[in-house]
Structure formats: C-alpha cells, structure tokens
4 protein chains.
Amino acid sequence: MDYVYGPGRNHLFVPGPVNIPEPVIRAMNRNNEDYRSPAVPAMTKVLLEDVKKIFKTTTGTPFLIPTTGTGAWESALTNTLSPGDRIVSFLIGQFSLLWIDQQQRLNFNVDVVESEWGQGANLDILASKLAADTAHTIKAICIVHNETATGVTNNLAKVRKILDDYRHPALFLVDGVSSICALDFLMDEWGVDVALTGSQKALSLPTGIGIVCASPKALEASKTAKSVRVFFDWNDYLKFYKLGTYWPYTPSIQLLYGLRTALDLIFEEGLDNVIARHGRLGQATRLAVKAWGLKNCTQKEEWYSDTVTAVLVPPYIDSTEIVRRAWKRYNLSLGLGLNKVAGKVFRIGHLGNLNELQLLGCLAGVEMVLKDVGYPVKLGSGVAAACAYLQNTTPLIPSRI
Amino acid sequence: MDYVYGPGRNHLFVPGPVNIPEPVIRAMNRNNEDYRSPAVPAMTKVLLEDVKKIFKTTTGTPFLIPTTGTGAWESALTNTLSPGDRIVSFLIGQFSLLWIDQQQRLNFNVDVVESEWGQGANLDILASKLAADTAHTIKAICIVHNETATGVTNNLAKVRKILDDYRHPALFLVDGVSSICALDFLMDEWGVDVALTGSQKALSLPTGIGIVCASPKALEASKTAKSVRVFFDWNDYLKFYKLGTYWPYTPSIQLLYGLRTALDLIFEEGLDNVIARHGRLGQATRLAVKAWGLKNCTQKEEWYSDTVTAVLVPPYIDSTEIVRRAWKRYNLSLGLGLNKVAGKVFRIGHLGNLNELQLLGCLAGVEMVLKDVGYPVKLGSGVAAACAYLQNTTPLIPSRI
Amino acid sequence: MDYVYGPGRNHLFVPGPVNIPEPVIRAMNRNNEDYRSPAVPAMTKVLLEDVKKIFKTTTGTPFLIPTTGTGAWESALTNTLSPGDRIVSFLIGQFSLLWIDQQQRLNFNVDVVESEWGQGANLDILASKLAADTAHTIKAICIVHNETATGVTNNLAKVRKILDDYRHPALFLVDGVSSICALDFLMDEWGVDVALTGSQKALSLPTGIGIVCASPKALEASKTAKSVRVFFDWNDYLKFYKLGTYWPYTPSIQLLYGLRTALDLIFEEGLDNVIARHGRLGQATRLAVKAWGLKNCTQKEEWYSDTVTAVLVPPYIDSTEIVRRAWKRYNLSLGLGLNKVAGKVFRIGHLGNLNELQLLGCLAGVEMVLKDVGYPVKLGSGVAAACAYLQNTTPLIPSRI
Amino acid sequence: MDYVYGPGRNHLFVPGPVNIPEPVIRAMNRNNEDYRSPAVPAMTKVLLEDVKKIFKTTTGTPFLIPTTGTGAWESALTNTLSPGDRIVSFLIGQFSLLWIDQQQRLNFNVDVVESEWGQGANLDILASKLAADTAHTIKAICIVHNETATGVTNNLAKVRKILDDYRHPALFLVDGVSSICALDFLMDEWGVDVALTGSQKALSLPTGIGIVCASPKALEASKTAKSVRVFFDWNDYLKFYKLGTYWPYTPSIQLLYGLRTALDLIFEEGLDNVIARHGRLGQATRLAVKAWGLKNCTQKEEWYSDTVTAVLVPPYIDSTEIVRRAWKRYNLSLGLGLNKVAGKVFRIGHLGNLNELQLLGCLAGVEMVLKDVGYPVKLGSGVAAACAYLQNTTPLIPSRI
C-alpha cells in the first residue's frame, strides 16, 4: 500500500522528479543482470552514441554516472579544474546558489555574479570581466541554463558570443539539469565544454543517472586538472570505454533499459517536437498565470522558461500553503518556493513526458487551490486562456494521423 | 513499444475499461502460481467474503467467474431460469438491448418494455404487468441498473417496491456492470436476486472477472433451473466452495491479487466515500455540459448517471468525429455513441479510480475538441462550472489531513 | 506482501498455470485502454494472423475468448454440434473425464471409450465404431491431445488416418490445452476441425484467453449447430471480424499485449525449437524418474508426454505428501495426483517458457522431497541422468552465439 | 525485447548485482513522486531506523547515498580522514585493491598489507604495526569484510580485539559490500566506525544506493576531517536530517520503496535466518566444489565465504571460457576471475534472495559447463553432495508450516 493513498492519479507538477511514461516504467520492471556479460556492454555502446543526440553534439564524450545532478556538477568541476582556479559563476536562484556553494567548497576561487532572483545571468558583467582578463586567469564560466527555482532561462548563445568576442579560452560549463531534452540545447554550436543533466528531469526517468557530456577541450583539460576525484573521475570511465566493458563500477541495469526506452520515445516523437511541446506547454502556463492576474517570478520575457514557471503570489498569501493544500485536497504536487522566494512563489513544473490535458488538469487544480487560500481568482480563467492557445497550436499525434 | 505512442498519459474516459490505479497494476505484476497450493484458497476465501461488501449484502453468495460482463449475464440467467420462462426486460439503450438479445437467444420468453433512449425503464408498465400476472407466469424481472450507452440510472428501490406491492415472486436480476462500486447498490435492502458486474468497470481492474452475486432465493432457483450450462454453472463453484479449494477451473492469479488490492483501496477510501466521489464527478460533468450549452442524453434528472454522461451534439456535428479527434489530437479516449444514438452522442465515462483534476483535464479537452469540430463553445466555460462546484465540495484526502 | 512468502523464487512445476517470461510480465504491466480506438483492432488483426501459426494452420479461423480451457471446450462443442448428437470421446484421465462430463451435460450422446489411466486413447475401438457407423450417426470425435493428469499424449495423426480409412465425415475436435505450443500440432495436416488451448499453458501467459481455432468445415457446421450459446457463439465474433472492430465484448488489454509478446518470444526462438526444447526437457525428466527407480504413470513410450510427467510412487508413500512438502520446504510447486491416481502419482509439469537449469533445480528438489518422505532415492541420481542427456543435446542460445 | 533473449529464466549467480525478489520488483514498479511532500520524509525516517538493524547497530547513523559501492567507499574515507593521514589497508583481492587505489588517489598515506590472493588479511602484521605505533600515527584501519574476488571473509572480531589489545584509537572502516545482510555483521559489538554496503548485493535491490553507517566516533571525526567533499559530505545529510526533510538532493523514489520492501522481506524471514540461509548455501556450494574434485580459491576454512565461492580450475582450462559458455548455452551467469586470478577461477555468487533449488540448478549447470570445457567431472556429483547436506539442514518455510 502507498504511504498516503488518495484516489486517482497523483498530478505530478514539481520540476523534478517528473512523470515517467508507462513504456519506461515497463522497461525497468526487471530483475538484475550480470553487467559483465556481452549484453550490457553492447547495449551501453549504443546508448552512449544515442545520448549524445540530446546534447546535439557529435564531438562530445558522454558519461552515465550513477549519481544525481549534484554529483554531475561535481564531476564537471573536478575533472576540468584545479583547486584555486578562478571561475566566474552566476547566482540567480537556489540551484545556482547550491552549485556555487559546491564550487567554493571544492576550493575554486569563484567570482560570483549575482542577479536579483527572477532575472537572468548578468552577461554585461561577464563581458567586462572577460575584457579585463587579458591574462586569462579565468579558467571557467559556470552557468545554469535554466534556473529551476525561479523559472529563468539564460541565453547560452550569448555567453558563447561574449567568450568569442574576447577570444577568451575559459571553459564553458553548463548545468542543463532542467533544460536538456526540453529546451533546445546546442552543445557543439554553442561551444559548451561540459553539459550535464539528471535522469529524473526532462528524460523522465527515475533519479539515478547523472549524464555528463565533455567536449574534446574539456577532456584535454581533465588531463591536467588537479582536483582530487575518484568516483567521479572520467579517466576510469575512459579506461573501460577502451576495454569495451564500459563500466568502472556496477551500473543500474534497470536505468539502462529505462534510458534506452526513454531515448526511443524521444526519438519517436522527434527531439525538436519534444522541444516544441515544451514551448507550447510553457506558453500555455504563462497565459494562465496572466489570466489569474498573477505575476511570473521571471521578470522579462527573454528569460521565460519553458520547463518551469514560478508564480508570485500576493503578499497576503503564503505560497507554501498553496503547495500543501494542492497535495492534501487535489492530489496535485506543485513546487515550493525556495530560500529567498520561499512563501512568495509556487512553481509549476511542465517538463518531461507530459501532454496538454495533463497540464490543463493541473491549471484547473491551481485555480481551485488559489480560491481555497483566499485569492479572488476567476475560476476557469486560466484554463480558458491556455485552451485558447493550445487549441490553435497542438498538432495531431503523428502515429495516429 | 506501444502501438500508437503519444507523449504523456492517455486520458481514459470511456465508461470501461477504466483506469487501473498504480497499486493494482503493481499487485498484478507477477508470475503465475499453483492455484491448488494452500495459498490461493486461503486468499480466495477472504476475497469472497470481502467482495460481498460491494454489493452491500450479507446473505448473497458471490462467484468470481473468469469471463466478461456478457458471460456474467449468461451466468445470471441460465442458473436461475428454464427455457420458455417468461421474463420482463427493459430496453433503454444498447446494453439492455444486448442483454435482451441474449435472453431471447437463450430461449426465454421476453416481454420487452421499451423506452425512448435517454429515458429510464418504464416502471408503470412493470406495475401493470405484475398486476395482471396473478398466475405468476413472470419468472424474472431483468433490468440494468445503469445503462452505459445513454447514462441512465434506473431506480431499483422502486422496482422492489412494485414487486412487493403486488407480492410478486419474480426473481429480480440486475446488471450492475456500470454501477456497482460507483453507485450505491443495496442488494439485500432491494431484494435483488442476482446482481453482477465486471472487473474492468468501477472496480478498476483489467477485464477478466465477471462478478456475480446470488441471493438465497436465486440459489434455490438454480436447483430447478433447466437452462443448459456448464462453464457458467454455479453448482460447480458451490461444490469447490465446500471442498475449500474454491476453483472448478484455473483462475487468473494476477486478477486475484489485483482484486485483493482493488478492494483494499476501496475499503481504505470507504465505499460510501467512493460513491460520494462518483456523485461529485457526475455532477461536475453535468454542470460542464450545461455550461457548454449542450444537452444530456438523459432526459430527466431522476435518471442522471454518476458513472457516465452521454452528451447530445447539435445535428450538424457527427459525434464520432469528436471521439476520433479527441484521441488523435489530445490523447483523450471518449465513448462513442452506439446504435440508435451513434453520431448523436459522445460519452464521458467518470467511473472508477479517478479524481477531480483528471476529470477537469478531460473536460478541458472536450472543450477544445468541440471547438475543433466547429461547435461554438466558450473555452473554459465547462471547466469553470465544474471547478465552482468541486472547489466547494471536494473533501481533503483523509490520509493526508 | 505475498500471502505465504518464502525466500528466493517459487519453482513452478505444475502443468499449468506455468511460468510467465519476464518480457511478457513487462508487456502486461499497463493501464487499460479503449478497445474501440483504432489501436486495439489493428493489434488484434495481426494477432489473429499470428496465432494461427501455433496451430500450424493457414485455413483455420481463430477465436480469442475471454475464458478458460473449460470455456474453450464449451465453445468447441456448442458451436459445432446439436443436442442429441452422437459423439465418440476418450476417457483416459481427469481432464478427458471433465470434458466428457461437460459433453454429457450439454446433452450430447457420448460414446465413452475408456482406457486404463496411464494408457492412451483406444484407437482400435474408434476404428471399429467408425467401421460400424456406415450411417454416419457419429457427428464428432473428441479427444485430448495430451492428458494432463497422466502425462499421456495421443497420436492424432493416427486418429486422422482412421477417419480417412473409413471416409468418415465426423468432426475432429481436439483439446490441445497442454500440448499446443509445446508439442508439434499440425491442425491442417491432421485435418483437425476444432483445436483449442488456454493462455496459461505452453503460451506462458496468465489464465484468461481460451484460444479456439476452427476449420472451414467446423465453421460450416456452426451454421446448423443447434446448441444454445451466446457468450461462446462464434457468430458474434465473425460479425465483428467483418466490421473490423473484432470484439463482441471487452477483451483484456493486458492479455492482448501479453499474447503479442508471448508470440514474439516463440517466433524469435522458433516454434520448432520450442517444441524441440520440450522434447529435451521431457526426456531429461523421464531419465531422472528412471534413475530414481520410479515408474512413469504413462505405460508405453509411444504415449510419453513432453509437457508433463506423472510419476508413480511406491504404495507406502502418499504422493500428496510429496507435493505438500515440496511447497512447504523447498518452495517447489508440483502437480497433485487427481481422482483415480490421487495419492499415487505426483506430476512434474515441464511446459512453457522453461530452461534446462530450471528443470534440474526442480529435479534436485524432487530428490530431496523423496528422501524426506522416506523413499530411498540416491541423491543426485536423477540430476546426473538428466545432465548426461542435456549436456549432449542442449544447443547454444542462438542470440548469444 | 531483451537484448539477447533466451528461453526460461536467467540464472544469475554473479556475486552482484543479485536476484531481486518479485515483491521488490513490484514495489519499485511506479511513477516518480515529489520527494518534498510529507510522504517521502515520513517514509525515510522509518527507513533510516530500520536500516540500522542490518548493521546490528543502535548507535550508528546511516546515510542512503545515491551512488554505488565505490562512492560509498569514498564517503567513508573523505568524511573521516584528512589528506596525508596514515592508514593501514589490506590487499587480498581485486576489490580491496580497488579500494586501496582509491585511498591512494585520495592522498592518504596507505600502509598496504598484502596477502596472497585466496588468503585473508594478515592480522599479525596489523598487530605489529599497532604495537609499534605508540604515537598513534595510524588514523584508520581499512578492511573488506568479504573479498568478493576470492571469496575470503576476514575476521572482524579479531581486528577489534587487536585494536583493543593495543588500545589503539584508529578508526575501523569496513567494506561490507558483499557481506552485510548475508554474513553476520555486528557493528556495535565489533566497534566498527564506518560500515558500508551497496543496494545491489545482499539487500537484493538494483544498484543505486550506497548505504553507509557511521559510529558516533566517525561522526566526531567528520567534524575535523579535511578531505574535500561535497556530494559525499555527511554534513549535508545531517543538516537535512535535522530539518526533517532528509534529502540534500533528489533520491530515487523507486529505490526507497524497494528498500522498504527489501527490509520487510528480511525482517519477515528474520535477519538471523537470512544469515543462516547464506551459511547453508555457502556450505552446499563448497561441498559441490569438493565433489567435483576442484579447489576453493580460499585457502583455509576460517576464511570461507558464505556469499561467494571462487573455484580454481585446472591449468589446462581457461575459467573465462566457463563463464562465457555458461551464459551462451545454459543462460547461467557466473562471475569471472579478476586480475591476478583471471582465467584461473570462476565465481559462484550465492548471496541475496536465493533458495536451495535455485542454487542446485546452478550447480547442475556448472557441472555441465565443466564437462563442456573438458574437465572430467562426474555429472551429478556436486548436486548430490549439496543435496545430501541441504536435505538435512533446510528448515520448513515458516509461513507455510
């Protein structure tokens, strides 16, 4: 029996872990296997090729590490940098804050570029720092593509342009945890050196694989990086890649089969269609928020996130109560406001294997909760706005035409 | 891979088979077992006791037959009646029609009492027939509790009252396929002699168990009933009940464990709360239909069904196209109009393990489809009406208070 | 939690229901679907074509009936025969006995040809009956291909030869419940008119589909057969086949996907390889029985069954105690002796998705149980005999070469 | 479809990952959930209490880290030690070698005490080192309880005794990866400071949780340990333990439910009965090896492992070929010989949720493979020896008495 059973399905709209599609649940419904048999390496070989597609890279080297996003961060940093290295890092919300905390504890010398929560990374400061850094003391730029706490998407093409403008050789390390597989991510075109995500985000798997992809330049850097690392050391993987056995330690057999199916589903839908679907759901959510008379935590349209929307509530309402009530009354799981925006925002995650009617059910639920907590929402208003947009833009399901 | 994959979940709103809750899917995720070991009879014994609760009977004898609703019908008839027996049967829609067809093919002498589709059983005619039948030539009254094709619920208490008023000994045979476990069903209080349902309806299991419950009077009748029967013969079950091995032939191990969990979930929620939830979802659906400016196929409030709503569409729209488009564009499964109402109605099934936000997602989807096919619906109107009602009436989830 | 948990896997060696392969369990691990959507008929169409292959027929018409083997029997009889029809039926064990009981209760005029349990059908008597029946009063020959209670396989080619020798037009109805998909079954070559099996036998699925295949001659007979039938009526299926919707009533979505995968596995292995594997496991079992110094219930080699072996125990041992103890101590499920051979035999089912090492584990378990109950078995003797044979005959797994 | 399908079950006898019991597979067959809802912390709280029981500790603090055994090692070391710290570590096989490699790469000053592979840790050398270390320069003793590569179990009680004899304050860090939940492990009684295991070993789960348990002394040491750590930092966990939210980053929902069920099964069987079962299966395996005329890689009885047996093959046979052939012909997964013993030993893992008949199937398979590769084994000999022992010692399954 479940811990806290409620009738009907749970409506999971936290920005991770997200809904797992039935075919993936099925694929993982299995016993363990010997990972040293010929089957698992054969499967892994193809997986490693296929997983590069979600990063839109042909030159990158992927690592499927049995860890979370936090471990993936650590892997990106410790394999490419040495203690004391100067890095530029952008603080725009709770997850960039946590990554910066990790960077500092790993003994890097971090130039923290802070923005107000709800704004994107301040790239003007980046430009001025790079302009001033003719000695190339800055070894890496660390940035989250999509800040999950505030629903802010940074412009990575612009980051690359600034680096190029100043011909700066700094490594370009990107947290794509709540973006990759949902937002367009062009690792090769943007010259990203390390990109990473977690299996429980837009890939729609359980937690358990930190997926890290390294550019040739990042791999080169790993040869001289002096940060102490063992579990997260790419070299151990590369050694086993050469041997053709692939795994320095035991992988999760279930997650490998799950990843296989998750990629199959993404490729069947088409990665660009997946991204377009996220665009559609993101826009529908924002239209609903507007119709409710509420504000998006994200301050400008250029930063709007298609994977998560943080909704500001009026000062007389505690957003934590919204999340609590959604779960207790409507079996709806929303994201809490974190740290600086605790109590002030609640978050709607709209990433992963999700469709229009699921989102509309969520939006209807949010309306009822808003009413529950005393906000004078016009019931149906957000759903109406979202429907008007979706009814115009949703394509037929290709396999059913 | 699924046959016709679409991203996100399928929104299953046909009036059967219905959504299976995750704990039940889990419980059935298993290998076969020897049904002659001590474990399966021990489990069956308790199941047979517990399944009586969904009929609200203490005196009935239940049979868990590996068949569908159609087989359950056959079991009810052939065990209690003899060829040539006169029975009164009400034709009010496709499923009552099919049952009558079966009755006639089984060589009973059927007095068909027909109503317009959208109306309930004509109980005045029943009264007059019983009044006239002082010789007690009528051996049974056959009635569907809830006609799934039109969303019409018959008043069984009234049927019993009429039988009692005329002190008529006819057997009272009830198809509760789309009612039991969703609408209040009082087998003992109403003096129902055979009641039946199928596992894939409000019990929220896969198809595969026809659940038939017989009153002492029905069991008595089975001793003299001359209809030929073997597979459906209650006596074979009763023989094995006495032996304590319970099964005259191999049951589905998976469905037994599934039924165990389905009942556990119903009892945890509370059967009366389950019924109240169906009342809530039914009313919300009807309010939406009204807000859309459409008519319910059910002609009077007294017959409104809390498990399925058949919605009449304007003459210039083909309801089949609504169902087709819902599936092709929104991954929404609605019920077709059947036979006389084909093309004229589509059906929203709202029975089984389902909650408010699932229904609201469906209603939003229906609105978009209505717009797709050219009906001038005001988007959001139905959802607004449903939300207004649900926000007032939905209780907190007990396990989460 | 399971009802009677024991550590490790259950060793399921009853002759049905049998072990379900993991890929089939996975395929069935799913929610319900609308069976009136385009997906289910598309899937069914291919299934009906593919299922004919396990009967080795191109001219037969298959029916996938939501029932058990008992229901499949009833379907075979009632669709082809009329009450009072004279049929010849062979009583050689518990399952042929039950079928005959059904035949009699369905009001056929049954010539029962009885053999000692452990012997095959007495085909000499069949010959003499056909010889005498120049008026063709015999309408059907009913025979079990493999009597599951005694482990006796009848020679169907010989039955056909006798029918042909006498140019007798009787229908040839065959229970292939414990043979089809495991023993070679040549429906077209043998001129079988109705063949049937159950999903929980060699197909290695859960209980729930009675698979019946009718020859053109059987279909023709169904047009005039006067037995009362509704649920089991082939005509209802044929009507829906023509409409392309295939299902007169709700099928089990889970079993359809399960059947799809079960057939895929059989075709991947190769049906003839599946049959050869059963031959190998049957022979290995018989060699073990011999090594233990015990007798096969089957009296002659020509009747040896490759799907089930009934082992005679010495008179001072109760075979029921062997079955009980196997389950209680070793988590091993063996088949009981039934009816006339109750207490005298225990049965080892070796059919379905099973391999050599699973069987050897079972045989080792049987040895220990035999010792437990006081039979002076030489431990290891049966396994040694089986290994000697299997080590010579087991092929490499094709996908792994 | 599986990658390399073979009929019947895979016989998984590598010493990890091991067979997952069906109830655990079922429990993990689920969608993601919000780990910040009240349900997951409530569940985690109880899990943390219950997991202590498998370490037999009341004073330890457990951490359920989303990682593998390698990560658990790193967690144990970096939280308790500082770079340059002197530690004593025992090299007795491939896994102790890998741990030592990690210790060195983490910049500890490692006194490697090497034994011949097949022998246990040389505790005499430990004693002399401790005797000489009056200045207490040795900060930790690192030892694997059970070396999975050679099937050698070290005597931890003796290690504690030596530490006590010399009143030495060194931390006592133990790799219990292939022992905990299978061999008796007395964390409190033995004064172990950090003990660790992986979910895919005797707990019989998928890979994905590194379970680390720290004594109060280890927690105290973590306050001053200067090793750089973030992902593996216990303090992050302790902070969230205090908050009652428990998780510094996203756990695998599926593994939490899996762990819940795995512990339930262990407690239902009784941890000491689980350990006794491993003793029984280990002894049965060793008796089989002896009967085959082969030698155990483990040189003395005092080191015999009840979770894995490494079998030495004659010089004219390549043990790799045994493993390959077992998989290709019999669907049997055995462990390879690693590093120094590559080609010389193959390994039978007999840990986790496994019973007697599963093991006997494996042993029969090994016999056939031995014959396949030209070793003159007497078929049935090993099984006979194992059966003789098991038939005397296997208890009735308690739930079935």
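Values in this document were obtained by computation on a predicted structure and should not be read as measured data.

## Some words on the overall build of chain A
Then step 1. Summing up its helical and strand segments, chain A has 14 helices and 14 strands in all.
Then step 2. At 21 Å, chain A has a C-alpha radius of gyration in line with the 21 Å of a compact globule built from 401 residues.
Then step 3. Overall, the C-alpha framework of chain A stretches about 60 × 55 × 40 Å when taken along its three principal axes.
Then step 4. Per-residue burial for chain A yields a buried fraction of 71% across its 401 residues.
Then step 5. Intrachain contacts of chain A at a sequence separation of at least 6 include 73% that bridge at least 24 residues.
Then step 6. Surface exposure of chain A reaches about 12300 Å², of which carbon and sulfur atoms provide 53%.
Then step 7. Mean positive and mean negative side-chain charge positions of chain A (40 and 37 charges, respectively) differ by 2 Å.

## A few points about the relation of the copies chain C and chain B
Then step 1. Take chain C, turn it by 180°, move it 0.0 Å along the axis, and it overlays chain B with an RMSD of 0.0 Å. In symmetry terms, the pair is related by a two-fold rotation axis. Relative to the rotation axis, the C-alpha of Thr 67 of chain C is the closest in chain C, positioned 2.7 Å from it.
Then step 2. Comparing interface residues between copies, 100% of those in chain C also sit at the interface in chain B, which points to an isologous, same-surface contact.

## Let's talk about the relation of the copies chain B and chain A
Then step 1. Between the two copies, chain B and chain A, the superposition gives an RMSD of 0.0 Å; the rotation angle is 180° and the shift along the axis is 0.0 Å.
Then step 2. Both copies contact each other with a shared surface, as 100% of the interface residues of chain B are interface residues in chain A too.

## Thoughts on the domain arrangement of chain A
All names here are of chain A.
Then step 1. Here chain A is partitioned into domain 1 (11–18 + 270–400) and domain 2 (22–267).
Then step 2. Each of domain 1 and domain 2 was reduced to a C-alpha centroid, and the two centroids are 27 Å apart.
Then step 3. The interface of domain 1 with domain 2 comprises 29 residues on the first partner and 31 residues on the second.
Then step 4. Here domain 1 packs against domain 2, burying approximately 2500 Å² in sum over the two surfaces, 57% of which is carbon and sulfur.
Then step 5. Area buried by domain 1 at its contact with domain 2 is led by Leu 271, Gln 299 and Trp 303, which between them contribute 23% of it.
Then step 6. Our count for the contact surface shared by domain 1 and domain 2 stands at two salt bridges.
Then step 7. Lys 340 is the partner of Glu 114 in a salt bridge, and the nearest nitrogen-oxygen pair spans 3.3 Å.
Then step 8. Contributing elements (two or more residues each) for the side of domain 1 that touches domain 2: α11 (271–291) and β12 (308–312).
Then step 9. Among the elements that line the side of domain 1 that touches domain 2, the one with the most residues is α11, at five residues.

## Considering the interface of chain C and chain B
Accessible area lost on assembly of the parts is the figure often given for the size of an interface.
Then step 1. Between chain C and chain B, the contact holds 57 residues from the first and 57 residues from the second.
Then step 2. For the chain C and chain B pair, buried surface summed over both sides reaches about 4600 Å², with 60% attributable to carbon and sulfur atoms.
Then step 3. At the junction of chain C and chain B, the tally comes to four salt bridges.
Then step 4. The partner of Arg 105 of chain B in a salt bridge is Asp 233 of chain C, and the shortest N-O contact between them spans 2.8 Å.
Then step 5. When residues of the side of chain C that touches chain B are traced back to their parent elements, those giving at least two are α2 (39–51), α3 (69–78), α4 (94–105) and α10 (253–269) of chain C.
Then step 6. For the side of chain C that touches chain B, the element with the highest residue contribution is α2 of chain C, accounting for four residues.

## Structural notes on the sheet that holds strand β14 (residues 345–349) of chain C
Residues and elements named next belong to chain C.
Then step 1. Read from one edge to the other, the open sheet built from three strands follows the order β11-β12-β14, with strand pairing classed as antiparallel. Two strands close off the open sheet at either side, each with one partner strand: β11 (295–296) and β14.
Then step 2. Note that β11 and strand β12 (residues 308–312) share two bridges and pair antiparallel. If you follow Asn 296 over to β12, its bridge partner there is Val 311.
Then step 3. Packed onto the sheet, helix α11 (residues 271–291) meets β11, β12 and β14 and runs at close to 10° relative to β12.

## Focus: the pairing of strand β3 (residues 86–91) of chain B
In summary, the side chains of a regular strand alternate between the two faces of the sheet.
All names here are of chain B.
Then step 1. Of all six residues in β3, five are buried, a share of seventy percent or more.
Then step 2. Of the pairings in the sheet, the one linking β3 to strand β4 (residues 109–114) comprises six bridges and is parallel in character. Residue pairing in the sheet places Ile 87 in a bridge with Val 110 of β4.
Then step 3. Handedness of the crossover joining β3 and β4 through helix α4 (residues 94–105): right-handed.
Then step 4. In the sheet, β3 pairs with strand β5 (residues 138–144) via four bridges, with the strands oriented parallel. In the strand pairing of β5, Val 88 is matched with Ile 141.

## A short note on the packing of aromatic side chains
Then step 1. The final tally for this structure, using the stated rule, is 51 aromatic pairs over all chains.
Then step 2. Relative to Phe 185 of chain A, the ring of Phe 55 of chain A lies with its centre 6.5 Å away and its plane at 80°, an arrangement referred to as edge-to-face. In this pair, Phe 55 of chain A sits in the loop between α2 (39–51) and β2 (61–65) while Phe 185 of chain A sits in the loop between β8 (171–175) and α7 (187–190), placing the two residues 130 residues apart along the sequence. Phe 185 of chain A carries the same exposure label as Phe 55 of chain A, and that label is buried.
Then step 3. Arranged with centres 6.4 Å apart and planes meeting at 75°, the rings of Tyr 237 of chain B and Tyr 241 of chain B form a pair that is edge-to-face. Of the two residues, Tyr 237 of chain B and Tyr 241 of chain B are both situated in helix α9 (residues 234–243); the distance of four residues between them amounts to about one turn of the helix.

## Some details on the interface of chain B and chain A
Then step 1. Between chain B and chain A, the residue contacts involve 54 residues of the former and 54 residues of the latter.
Then step 2. Both faces combined, the contact of chain B with chain A buries some 5300 Å², and carbon together with sulfur accounts for 58% of it.
Then step 3. Looking at the side of chain B facing chain A, the largest losses of area belong to Tyr 5, Leu 357 and Arg 400 of chain B, adding up to 16% of the total buried there.
Then step 4. Across the chain B-chain A interface, the total number found is two salt bridges.
Then step 5. Its salt-bridge partner being Glu 22 of chain B, residue Arg 9 of chain A comes within 3.9 Å of it at the nearest N-O pair.

## Points about the pattern of salt bridges
Then step 1. As enumerated under the stated definition, the model contains 108 salt bridges over all chains in all.
Then step 2. Of the charged contacts in the structure, one is a salt bridge between Lys 52 of chain B and Glu 49 of chain B, with a shortest N-O distance of 3.6 Å.
Then step 3. Between Asp 372 of chain D and Arg 329 of chain D there is a salt bridge, with its nearest N and O atoms 2.9 Å apart. With Asp 372 of chain D in helix α12 (residues 356–372) and Arg 329 of chain D in helix α11 (residues 319–330), this pair connects stretches of sequence that are 43 residues apart. Considered together, Asp 372 of chain D and Arg 329 of chain D belong to a single accessibility category, that of buried residues.
Then step 4. Here the salt bridges do not stand alone but share partners, grouping Asp 101 and Arg 105 of chain A together with Arg 229, Asp 233 and Asp 236 of chain D into one network.

About the thresholds
- Residue numbering note: each chain is counted from 1, following its sequence as written.
- The order in which chains are written sets their letters, starting at A; the order in which ligands are written sets their numbers, starting at 1.
- The predicted origin of the model limits local features to residues at a pLDDT of at least 70 and limits the giving and counting of side-chain atom pairs to 80 or more, whereas totals for whole chains, interfaces and linings rest on all residues.
- To get the side-chain values, take all heavy atoms of the structure and skip hydrogens and water.
- A run of H or I in DSSP counts as a helix once it spans at least four residues, and a run of E counts as a strand once it spans at least two, with each numbered from the N terminus.
- Radius of gyration means the value over C-alpha atoms here, while the globule rule gives 2.2 Å times the residue count to the 0.38 power.
- Throughout this description, buried means an accessible area under 20% of the type-specific maximum (1.4 Å probe, protein chains only), exposed means over 50%, and partly exposed covers the range between.
- Should any heavy atoms of two residues lie within 4.5 Å, those residues are counted as being in contact.
- The accessible surface values rely on the Shrake-Rupley method and a 1.4 Å probe; as for residues, cover is taken only from the protein chains in view.
- By the counting rule applied here, Lys and Arg register as positive and Asp and Glu as negative, while His and the ends of each chain are not counted.
- Here the site of a charge means atom NZ of a Lys, CZ of an Arg, CG of an Asp or CD of a Glu.
- Here the copies are matched by least squares. The fit uses the C-alpha atoms of residues with pLDDT of at least 70 in both.
- Residue ranges assigned to the domains are those given by an automatic or database domain assignment.
- Put simply, buried area is the surface a 1.4 Å probe can reach on two separate parts but cannot reach once they are joined, added for both.
- In what follows, salt bridge is the name for a side-chain nitrogen of Lys or Arg lying within 4 Å of a carboxyl oxygen of Asp or Glu.
- In short, DSSP must find at least two bridges between two strands for them to pair.
- Angles run from 0 to 180 degrees between N-to-C directions of axes, and those axes are lines fitted to C-alpha atoms, restricted for helices to the stretch in contact.
- Viewed with both strands pointing away, a crossover whose connecting path from the first strand over the helix to the second turns clockwise is right-handed.
- Two aromatic rings, drawn from Phe, Tyr or Trp (for Trp, its six-membered ring), form a pair once their centres lie within 6.5 Å of each other, and the interplanar angle then sorts them: stacked below 30 degrees, edge-to-face above 60, tilted otherwise.

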